[in-house]
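Coordinate analysis (summary)
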Amino acid sequence: MSFSFASVFSDHCVLQRNKNITIFGYAEDGKAVKVQLLAKDGSLLCKNTGRARGSRWEVQLAPQTAQTGCQLTLESAQESAGGEAEKITLTDIAIGEVWLAGGQSNMEFELQNCTEGPEELADSTGEGGAKNVRFYYTNKIGWIDQHFYEAEKATCWQTWESPARGSWSAVGFFFAKKLAAELGVTVGLIGCNWGGTSASAWMSREYLEQDSRLRPYVEDYDKAVKGKSRKKMIAEYDEYAEYQEGWEKRVAACYAEKPDIEWPDLLAECGENRYPGPMGIKNPMRPCGLHETMVSRIAPYTLRGVLWYQGESDDHRPQTYYALM
């Protein structure tokens, strides 16, 4: 296991002000680590030490006031003579307000595609307030395979100067811009959303199982995969994904030619819509799946709160949604 911060900590990250700040990452079991937060002038704001348990370490830093230009350092505590201590330094750290932008497609909807998006994005300097908004998009992969960790390492916090800012959550951005203007601090958004998802996808199995009203989510899943090997579940989902990709291309071409076509006629021409596909370990819509591959990868990052924009995919169980929420 590499010696590192969790991927949600990078240059330009935003840490929550006026609360204990949880910092975490990875190291060999038993390895001692030291974390320091430095002010813009290089003076020490706070520090703490910890030790990896299993492959993960976690420390708490003392609450800080809003500021920018900070540094966050991670060092291995030297325990044997002769070796050099490892050190990682993150720069341009801001301390302000941090919110998680979660849910399904309405939260996922990108800034570049909304009505006001082009005007906002034309302001390259962010002088209208956007320069005080930063964004991190949680690694969006529905299951953990050999490519998962490589993709996660490529994630990072983005500032308004990032060419990828058009893909930020539109709802999240306008909330953060307004908040930054009203409070006069940097606001960080952690995007953790996926279109079409049930709220059950974002929760741990432990929490779903402990409530009799919510247990049917996992019971239905267990029934759907009963007797299936890991290999079979992967093969079934791969076959579905290949079919669905072709189906979506046929649908796009059909709509381009016949924009007013009715849904039954569309299906007659293009074939069955198999979404969301067979349940199994590779289906991102499975209960608890995105808790495993997304939520658990950024928790317990210190937040002010959560923006949640979701509900339609649980309309088949309206009587239990309040409890699920």
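Here, every reference points to the structure presented above.
Residues numbered from 1 in each chain as written. Predicted model: local features only at pLDDT ≥ 70, side-chain atom pairs only at ≥ 80, totals over all residues. Heavy atoms only, no water.

1. Remarks on the packing of aromatic side chains
Scanning the model with the defined rule gives 16 aromatic pairs in all. Ring plane angle 80° and centroid distance 5.1 Å describe the contact between F9 and F24, whose orientation is recorded as edge-to-face. With F9 in the loop between β1 (4–5) and β2 (14–16) and F24 in strand β3 (residues 21–26), this residue pair connects regions lying 15 residues apart in the sequence. For the pair formed by F9 and F24, the shared burial category is buried. Here the aromatic rings of W247 and W263 are separated by 6.3 Å at their centres, their planes lie at 75°, and the arrangement is edge-to-face. Note that W247 is positioned in helix α7 (residues 230–257) and W263 in helix α8 (residues 263–270), a separation of 16 residues in sequence. For W263, a relative accessible area of 41% gives the class partly exposed. Within the aromatic cluster, the residues linked to one another by ring pairs are F5, F9, F24, W57, Y136, W157 and Y301. The ring of F3 is capped by K31, whose NZ or CZ atom sits 5.6 Å from the centre of that ring. Over the face of the ring belonging to Y217 we find R317, whose NZ or CZ atom lies 4.6 Å from the ring centre. (Phe/Tyr/Trp six-rings, centres within 6.5 Å; stacked < 30°, edge-to-face > 60°. Helix = DSSP H or I, 4+ residues; strand = E, 2+ residues; numbered from the N terminus. Buried < 20%, exposed > 50% of the residue type's maximum accessible area, 1.4 Å probe, protein only. Lys NZ or Arg CZ within 6 Å of the ring centre and 35° of its normal.)

2. Quick notes on the layout of surface pockets
Any space left empty among the atoms is revealed by the rolling of a water-sized probe across them. Each pocket or cavity is described by its volume, and for the largest pocket that value is around 480 Å³. Around the largest pocket, the lining is made up of 20 residues, and of these L100, W202, V295, V306 and W308 lie nearest the centre. Elements supplying a minimum of two residues to the lining of the largest pocket: β8 (87–103), β10 (187–193), α9 (289–298) and β11 (305–309). With 3 residues, the top contributor of residues to the lining of the largest pocket is α9. Classifying every residue of the lining of the largest pocket by side-chain character gives 17 nonpolar, 3 polar and no charged. A volume near 360 Å³ is recorded for the second largest pocket. Around the second largest pocket, the lining is made up of 16 residues, and of these S2, S4, S7, Y26 and K153 lie nearest the centre. Contributions of two or more residues to the lining of the second largest pocket are made by β1 and α3 (148–153). Looking at the lining of the second largest pocket element by element, the count peaks at 3 residues for α3. Among the residues making up the lining of the second largest pocket, the classes are represented as 7 nonpolar, 6 polar and 3 charged. (1 Å grid on protein atoms, 1.4 Å probe; cavity = no way out; pocket = protein on both sides within 12 Å on 5 of 7 lines; lining within 4 Å. Points joined across faces, edges and corners; volume = space filled by probe spheres on them. Nonpolar A, V, L, I, M, F, W, Y, C, P; charged D, E, K, R; others polar.)

Worth remembering: the numbers are spatial, not functional.
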